[in-house]
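Given next are the chains, with one letter for each unit.
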Amino acid sequence: MKIKIVADSSCDLLTMPRVGFASVPLTISTDEKTYLDDEMLDIEEMVSDLSTYKGRSYTACPSIERWMDSFADADEIYVVTMTSALSGTYNAAMVAREQYLEQHPETKIEVFDTLSTGPEMHLLIDQIASLIAAGEAFETICEKAKEYQKRTRLFFSLESLHNLVQNGRVSKVVASVAGMLGIRILGTASEHGTLETVAKCRGNHKVVSSLLAQLEHCGYAGGKVYLAHSQNQELAEEIKAALEKKYGEVTIGIYETRGLCSYYAEKGGILIGVECGR
Ligand code: X90
């Protein structure tokens, strides 16, 4: 029996160890060029192209066909998508599921709307992978994975909201603080899967202290953390050091964002997925 996890490319993962995995790319485009967020994408080149591009830029969710292609040949499929509140990705995956099941009624497909993105998706993907490795049944895995989703959170620090505003993904209230020089927005994925501002910070130090306060507030007690950053290894390392200082040994993975998250988090942006509670 073939088991597979499929996620849209905003999870920033191209491969997963010891489990069938496929990343389904979103696209980033200008009026002149389209960048497919797959393993071939040169992210530095895209970011640099876009920084000098004068016109508008856009993104688009994966097509139904792309989702269906990613399902091919598997018997049990776990689909992990970014927030349905900000993207059509989840809807496209649901339609793909329905159409696929019409042709392959014996296949099992569950679609998880993470109401989040990036490293919080990564945490869920890891969790599903370990439940698969433990030999749990499909239905049990779905149930346990949904329970696990209640224990994870996403925070992020952004230096610019330009692309989020340009694409209408943030509310006017949030947008009004955008563009302030030297101010970073510390935000979180709200329970509705939208972007919620929790603090305005001047400098890395303030980002780290505000983040620690937020983590304490959500019951973080040293659980697993993933940090995905867009050209900001320095802040990632500072957060790692602060977490280790406060909580002792913590499992932390640091890596760079791929196309979609690099586009929206922009240069200097960082996304932090955490396991809360004990
Ligand atoms: O369908 C599409 O074209 C994709 C639209 C994606 C819009 C949001 C991407 C967010 C990426 C930026 C900071 C985190 C915000 C998370 C709020 C839930 C990362």
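Right above here is the structure, for reference.
Keep in mind the model is a prediction, meaning the values are calculated, not measured.

Reading the values: the criteria
Residues numbered from 1 in each chain as written. Predicted model: local features only at pLDDT ≥ 70, side-chain atom pairs only at ≥ 80, totals over all residues. Heavy atoms only, no water. Near = heavy atom within 4 Å. Polar contact = N/O pair within 3.5 Å; in protein donor to acceptor, adjacent residues only side chain to side chain. Areas by Shrake-Rupley, 256 points an atom, 1.4 Å probe, with all protein chains shown as cover. Nonpolar A, V, L, I, M, F, W, Y, C, P; charged D, E, K, R; others polar. Salt bridge = Lys/Arg side-chain N within 4 Å of Asp/Glu carboxyl O. Helix = DSSP H or I, 4+ residues; strand = E, 2+ residues; numbered from the N terminus. Buried < 20%, exposed > 50% of the residue type's maximum accessible area, 1.4 Å probe, protein only. Pairing = 2+ DSSP bridges. Axes fitted to C-alpha atoms, helices over the stretch in contact; angles between N-to-C directions.

Caption draft 1: Up close: the site of the ligand. The ligand sits among 15 residues. The nearest are Thr-59, Ala-60, Met-82, Ser-87 and Arg-169. For the ligand, an oxygen atom lies 2.5 Å from a polar atom in the side chain of Thr-59. In the environment of the ligand, an oxygen atom lies 2.7 Å from a nitrogen or oxygen atom belonging to the side chain of Ser-87. Coverage of the ligand by the protein chains reaches 99% of its 550 Å² of free accessible surface. Residue composition of the shell around the ligand, grouped by class: 10 nonpolar, four polar and one charged.

Caption draft 2: Summary view of the pattern of salt bridges. Counted under the stated rule, the structure contains 10 salt bridges. One salt bridge in this structure joins Glu-45 and Lys-33, with 3.9 Å as the shortest N-O distance. Here Lys-33 lies in the loop between strand E3 (27-30) and strand E4 (34-36) and Glu-45 lies in helix H1 (residues 43-52), a separation of 12 residues in the sequence. Taking the relative accessible area as the measure of exposure, Glu-45 reaches 40% and is therefore partly exposed. Between Lys-146 and Glu-110 there is a salt bridge whose closest N-O contact spans 2.6 Å. Placement of Lys-146 in helix H5 (residues 138-149) and of Glu-110 in strand E7 (residues 108-113) is noted, with a sequence separation of 36 residues between them.

Caption draft 3: Spotlight on the sheet that holds strand E1 (residues 3-8). Taking strand neighbours across the sheet as the criterion, the four strands line up as E2-E1-E6-E7 in an open arrangement whose pairing is parallel. Two strands in the sheet have a free side with no partner beyond their single neighbour: strand E2 (20-24) and E7. When the angles between neighbouring strand axes are averaged without regard to direction, this sheet yields 20 degrees. Relative to strand E6 (residues 76-81), E1 is paired through five bridges, and the arrangement is parallel. In the sheet register, Val-6 faces E6, and the bridge partner there is Val-79.

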